[in-house]
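The residues making up each chain are set out below.
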Amino acid sequence: MEMTLNDILSEDEKGILVLPDFQREFVWKAADQKSLIAAFLVQIPINSMLLLEGNRDDFAEKRMCWRTNQNTESAKTDVRRYLLDGQQRLSTLKNAFSDLFRDEGDWMDQLKSLESRLNLRWFLDFTPDEEDVFGLRTLRFPEGDRAINKLEPSVIESRLKSFSLYKKNANEWYAPGAPKDDFFRQTAAQKLLPLYQLYRDEKHVTTDILTEIAMERMNEIRAGWENMPADFKEEMLGILCEIDSAAEKWKTQTPQMDMVWMKCSNKLAITWSSSMQSYLTEVLNQELTFIKLEKDEINRAIVIFENLNNSGTALSTYDLVVARAAKCGEYPSLTERVMKMMEENAGSEDKDGKFSLEKIGILDPNSHRMTATFQKWYLDLLALCIEMPEMKEIKKENIREVENEISVLFKRGSILNLGSKAIHEKSELVIRSLLRAVTFLNQRCGLLRIDQLSYKLMVLPIAYLMRDENILQDKKKLDRMEYWYWVSIFSGRYITNQNRRCAEDTAWLYQYVERQSDFNPFADDAHDVLARKKYSDFATLLHPEAVNPVVSNGLFAYVLSKHPHDFYRDKTIELRAERIANNEEIFVEASGKTLNVPLKLELHHIIPLGTSKTMKNVTSDLRKDKQNLLNSPLNLTYISSLANKFIGAQSPQVYLDNLYAGSITDHFIPERPKDFKVEADQKKFLEDRYHLILQDLQQHLQELCQ
């Protein structure tokens with residue numbers, strides 16, 4: 001589909017072409033805008049953009065260039081074309097080639113609603129130079145190889161000038177509403193053409209300014225004729241003689257010849273300005289390419305966007321849901337509501353303190369926006385809570401039917417069809433449930449950050465249960481959820497077909513936990529815990545290059561979930577994942593002083609890598625060696641950064657012998673061999689630790705499901 005810029009601006013004025021209100025900002029800097037405007041002026045093709053056909057009720061909307069809705073409600077038609085990709089480009093072109101302050105009203109009030117980076121008025125500088133790209137030096141419009149559309153954009157970039165609009169410069173000649181005489185005088189004197197006058201120029205302002213610039217140039221030539229270079233005079237007289245042969249005698253400077261000069265000047269100025277005007281009209285009529293999606297194709301929009309645009313701000317399902325939710329005028333912005341809900345509810349309801357949303361990975365620390373992982377959880381659980389508020393009774397005979405129903409809800413098309421009011425009504429329940437689920441994983445399962453949850457869909461069966469606000473006080477239910485979690489992690493339950501497994505487990509776990517079913521649907525998988533070949537058995541764990549990160553992270557988290565004592569000399573320090581999430585500090589004695597030190601965890605090699613170090617191997621190289629036995633997850637455990645520094649280069653014989661007995665037990669450290677440098681002894685040490693962890697895990701699972 002092709003549309004000219006004139007067509008685009010016309011549909012924008014009519015309220016047909018709009019932006020779905022993603023609460024996004026216009027982010028292009030002036031330099032980015034200048035590059036695009038220059039490329040457009042020399043008619044360089046612009047990459048395809050993405051439109052979605054629809055109607056007024058599909059999304060909340062706003063006009064291009066404005067932060068708030070500007071008159072789209074007054075549109076005479078319900079037809080809409082939502083611009084899904086191309087906001088930065090089309091907003092730049094709209095601001096450059098049309099007057100945003102054309103409508104009557106206080107422009108300074110309007111400026112408050114304008115995207116802040118679009119407070120620029122763009123001008124084309126016609127001042128002649130050696131290149132004379134516009135032909136103003138002799139008023140011969142460039143054609144052929146010298147045509148403007150043959151130029152590199154960088155040539156035009158240097159001839160683009162912008163003025164910023166602020167309240168403090170409200171009286172400047174370029175400000176909206178400035179006196180017309182002053183405006184024309186300044187543009188002619190500085191040879192500046194206001195590009196924003198090009199669209200809908202009913203009063204022919206552009207033509208008048210171009211003609212004035214051309215006449216001003218002819219006056220400059222006449223006034224400085226005596227000092228002009230001989231070759232320029234000869235060239236100029238040749239041009240004038242093409243209009244009137246009598247111009248050859250103009251150098252006599254007689255009154256009659258002044259009339260000839262005036263006649264030729266007028267003709268030359270009008271011809272040049274007319275040619276320039278025609279070219280600029282051609283610029284506004286060049287076609288831009290769009291990919292057009294019909295209303296029922298919205299679920300394809302994100303995939304197409306990603307293929308079109310590998311940089312910039314990505315389009316997401318969450319963006320579209322936010323825009324849809326904004327149609328419900330009963331509530332403020334969905335993003336603002338969700339952020340407020342998270343900040344109010346972050347952390348456990350049965351513990352003091354709240355976890356840091358950034359620390360645990362729910363919010364991006366730089367943008368302070370939801371991470372993509374948490375956005376996906378929010379949308380999937382939202383669809384589930386809206387479309388399946390009550391779970392059916394689950395039996396072996398109907399599990400596939402229910403699984404299929406849930407799987408459909410997780411698909412993008414289902415999520416994008418959620419009603420705007422329902423989105424708002426269920427959002428608080430969804431956010432609370434997700435935060436309870438994260439709290440559970442943090443406090444009971446040793447999860448430090450949500451990005452360490454390799455099978456990220458596993459949060460949904462938990463969060464669906466966490467809709468019950470009293471569940472955190474129900475030990476039996478929490479025990480059964482934890483049982484399912486460890487079984488799933490260490491048995492490889494989620495190795496394949498994670499989407500369908502998540503849908504199945506959402507149903508089965510609800511039946512097992514909420515309805516207290518006597519049937520344990522996960523019992524068969526429990527036999528594979530830390531025993532599944534090529535996944536979690538001992539033989540696999542001995543080969544770091546073969547270990548799935550799910551199992552490694554699971555082992556580290558399981559040990560941490562037991563609240564082990566640290567390896568630091570102060571035996572009172574307990575390591576808990578929630579202490580990290582809460583940004584807790586610990587008190588240590590140093591040089592006779594008590595210091596507050598942030599509690600940070602680091603993975604520690606129980607048998608130090610230096611044990612195997614040779615002259616050709618340094619520790620940093622060994623750490624990257626996936627073939628090295630000592631990089632097995634069985635040789636790693638979380639300790640505080642303080643303890644890691646305290647241990648330093650001590651041999652395992654020394655530092656392990658000096659550890660608090662509770663630390664040895666808590667971290668499942670077996671009896672030490674006489675010589676840690678012998679590989680067979682290292683392997684035996686790791687095997688013993690594996691069996692200690694396995695024995696504890698099996699006993700723990702038995703207790704959880706009783």
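Provided above is the structure to which this section pertains.
Computed from a predicted structure; not experimentally measured.

**Notes on the nonpolar core**
Thinking step 1. If you look at the biggest cluster of nonpolar residues, it comprises 145 residues, and the most contacted ones within it are Met-342, Ile-362, Tyr-378, Met-481, Trp-486, Phe-490 and Leu-530.
Thinking step 2. Listed in part, the 84 residues of the second largest apolar core include Phe-40, Ala-96, Leu-139 and Ile-148.

**Describing helix α1 (residues 5-13)**
In an α-helix, one turn spans 3.6 residues, which is why side chains three or four residues apart end up on the same side.
Thinking step 1. Within the sequence span of α1, burial applies to Leu-5, Ile-8, Leu-9, Glu-11 and Asp-12. The buried residues of α1 all sit within an arc of 160° when viewed along its axis, so they share a single face.
Thinking step 2. Gly-15 occupies a position one or two residues after α1 and carries a positive phi of about 80°.

**Points about the environment of Met-3**
Thinking step 1. Looking at where Met-3 falls in the secondary structure, it is placed in strand β1 (residues 2-4).
Thinking step 2. For the pair Met-3 and Asn-285, spaced 282 residues apart in sequence, the C-alpha to C-alpha distance is 8.5 Å.
Thinking step 3. With sequence-adjacent residues up to four places away left out, Met-3 is seen in contact with Ile-8, Glu-11, Leu-51, Arg-81, Gln-286, Glu-287, Leu-288 and Phe-290.

**Let's talk about the packing of helix α11 (residues 317-325) against helix α16 (residues 420-445)**
Thinking step 1. Contact geometry for α11 and α16: axes closest at 8 Å, N-to-C directions at 105°. On the basis of their axis angle, the class for α11 and α16 is roughly perpendicular. Across the interface between the two elements, Val-321, Arg-324 and Ala-325 of α11 pack against Ser-420, Ile-423 and His-424 of α16.
Thinking step 2. In terms of residue class, the contact of α11 with α16 is built from 3 nonpolar, 2 polar and 1 charged.

**Focus: unusual backbone geometry**
Most peptide bonds are trans, and most residues other than glycine sit at a negative phi.
Thinking step 1. Even without being glycine, Cys-65 reaches a positive phi, approximately 85°.
Thinking step 2. With respect to the helices and strands, Cys-65 occurs in the loop between β4 (61-62) and β5 (79-85).
Thinking step 3. Positive phi values are uncommon outside glycine, yet Phe-668 reaches one of about 55°.
Thinking step 4. The exposure class assigned to Phe-668 is buried, which follows from its relative accessible area of 8%.

**Concerning helix α22 (residues 549-561)**
Thinking step 1. Here α22 contains 13 residues, and its C-alpha end-to-end distance of 18 Å stays within 8% of the 18 Å for a straight helix at 1.5 Å per residue.
Thinking step 2. By the criterion of burial, α22 is predominantly enclosed, with 11 of the 13 residues buried.
Thinking step 3. Between the side-chain oxygen at the start of α22 and the backbone nitrogen of Val-550 there is a gap of 2.9 Å, and the oxygen is on Asn-548.
Thinking step 4. At the C-terminal side of α22, His-563 shows a positive phi close to 55°.

**Examining the side chain of Ser-407**
Thinking step 1. Its place among the elements puts Ser-407 in helix α14 (residues 399-409).
Thinking step 2. Given the relative accessible area of 13%, Ser-407 is considered buried.
Thinking step 3. Not counting the four nearest positions on each side in its chain, Ser-407 is found in contact with Asn-499, Arg-500 and Ala-503.

**With respect to the pattern of salt bridges**
Thinking step 1. Throughout the structure, instances matching the rule amount to 47 salt bridges.
Thinking step 2. A salt bridge links Arg-159 to Glu-131; the shortest N-O distance between them is 3.4 Å. Remark: Glu-131 occurs in the loop between β6 (120-125) and α5 (153-157) and Arg-159 occurs in the loop between α5 and β7 (160-164); sequence separation between them is 28 residues.
Thinking step 3. The salt bridge involving Arg-672 is made with Asp-657; its shortest N-O contact spans 2.9 Å. Of the two residues, Arg-672 sits in the loop between α27 (661-666) and α28 (679-705) while Asp-657 sits in helix α26 (residues 652-657), which places them 15 residues apart along the sequence.
Thinking step 4. A single salt-bridge network, built from bridges that share partners, covers Arg-400, Glu-403, Arg-493, Arg-500, Arg-501, Glu-504, Asp-505 and Asp-525.

**What about the sheet that holds β6?**
Thinking step 1. Spatial strand order, β7-β6-β8: 3 strands in an open sheet with antiparallel pairing. Strand pairing shows two members of the sheet lacking a second neighbour, β7 and β8 (192-194), which therefore form its edges. Each strand of the sheet is rotated relative to its neighbour by a mean of 35°, with strand direction disregarded.
Thinking step 2. Here β6 runs beside β7; their pairing, made up of 5 bridges, is antiparallel. When the bridges of β7 are listed, Arg-121 appears paired with Phe-163.
Thinking step 3. Here helix α6 (residues 180-190) sits on the sheet in contact with β6, β7 and β8, set at roughly 130° to β8.

**Quick word on the packing of aromatic side chains**
Each aromatic ring pair is summarised here by two numbers: the centre-to-centre distance and the angle between the ring planes.
Thinking step 1. Scanning the entire structure with this criterion turns up 32 aromatic pairs.
Thinking step 2. Relative to Tyr-494, the ring of Trp-484 has its centre 6.4 Å away and its plane inclined at 80°; by these criteria the two rings are edge-to-face. Of this pair, Trp-484 sits in helix α18 (residues 475-491) while Tyr-494 sits in the loop between α18 and α19 (498-514), and the two are 10 residues apart along the sequence. For the pair Trp-484 and Tyr-494, one class covers both residues: buried.
Thinking step 3. Here the aromatic cluster, defined as three or more aromatic residues joined through ring pairs, consists of Phe-123, Phe-163, Trp-173, Tyr-174, Phe-183, Phe-184 and Tyr-196.
Thinking step 4. One cation-aromatic arrangement involves Arg-467 over Tyr-464; the distance from NZ or CZ to the ring centre is 3.8 Å.

**Some remarks on the state of the cysteines**
In protein structure, a disulfide is the covalent linkage between the sulfur atoms of two cysteines.
Thinking step 1. If you walk through the whole model with that rule in mind, you get 0 disulfides.
Thinking step 2. Cysteine Cys-502 is unpaired, with the sulfur of Cys-385 as its nearest cysteine sulfur at 13 Å.
Thinking step 3. Of the residues examined, Cys-502 reaches a relative accessible area of 0% and is grouped as buried.

**So, the sheet that holds β4**
The pairing of strands in a sheet comes from backbone hydrogen bonds and takes either a parallel or an antiparallel form.
Thinking step 1. The 6 strands are arranged β1-β9-β3-β5-β2-β4 in an open sheet whose pairing can be described as mixed. Across the chains shown, the open sheet's two edge strands, defined by having one partner strand only, are β1 and β4.
Thinking step 2. As paired elements, strand β3 (residues 49-55) and strand β9 (residues 287-293) share 4 bridges and run parallel to each other. Note on β9: the bridge partner recorded for Leu-52 is Leu-293.

What counts as what
- Here the residue numbering is sequential within each chain, running from 1 through the sequence in written order.
- Only residues with pLDDT of at least 70 get local features here, since the model is predicted, and only at 80 or more are side-chain atom pairs given and counted; chain-wide, interface and lining totals rely on the full set of residues.
- The side-chain figures draw on all heavy atoms in the structure; neither hydrogens nor water molecules are used.
- In plain words, nonpolar cores are sets of buried Ala, Val, Leu, Ile, Met, Phe, Trp, Tyr and Cys residues tied together by side-chain atoms within 4.5 Å.
- Categorising residues by exposure relies on relative accessible area from a 1.4 Å probe, with only protein chains included: less than 20% of the type maximum marks a residue as buried, more than 50% marks it as exposed, and the intermediate range marks it as partly exposed.
- Each helix is a run of DSSP H or I of at least 4 residues and each strand a run of E of at least 2, with the numbering of both proceeding from the N terminus.
- Working definition: the arc comes from the directions between the helix axis and the C-beta atoms, pointing outward to the latter.
- Any two residues whose heavy atoms approach within 4.5 Å are treated as being in contact.
- To get an axis, fit a line to the C-alpha atoms, keeping to the stretch in contact for a helix; angles then go from 0 to 180 degrees between the N-to-C directions.
- Note that the term roughly parallel is reserved for angles under 35 degrees, roughly antiparallel for angles over 145, roughly perpendicular for angles of 65 to 115, and oblique for everything else.
- Each residue gets one label: Ala, Val, Leu, Ile, Met, Phe, Trp, Tyr, Cys and Pro are nonpolar, Asp, Glu, Lys and Arg are charged, and the others, such as Gly, are polar.
- Working rule for helices: expected span equals 1.5 Å times residues minus one.
- As used in this structure description, the phrase polar contact means that two N or O atoms lie within 3.5 Å; if the pair is within protein, one of them must be able to donate a hydrogen and the other to accept it, and residues adjacent in sequence are counted only when both atoms belong to side chains.
- Within this document, salt bridges are pairs made up of a side-chain nitrogen of Lys or Arg and a carboxyl oxygen of Asp or Glu, the two lying within 4 Å of each other.
- The pairing criterion is simple: DSSP has to find at least two bridges between the two strands.
- Centres within 6.5 Å are what make two rings of Phe, Tyr or Trp a pair, Trp counting through its six-membered ring; a difference in plane orientation under 30 degrees is then read as stacked, over 60 as edge-to-face, and the rest as tilted.
- By the criterion adopted, a ring carries a charge over it if an Arg CZ or a Lys NZ lies within 6 Å of its centre and within 35 degrees of its normal.
- The disulfide criterion used throughout: a pair of cysteine sulfur atoms within 2.5 Å.

So far we have only geometry, and geometry alone does not tell us how the molecule works.
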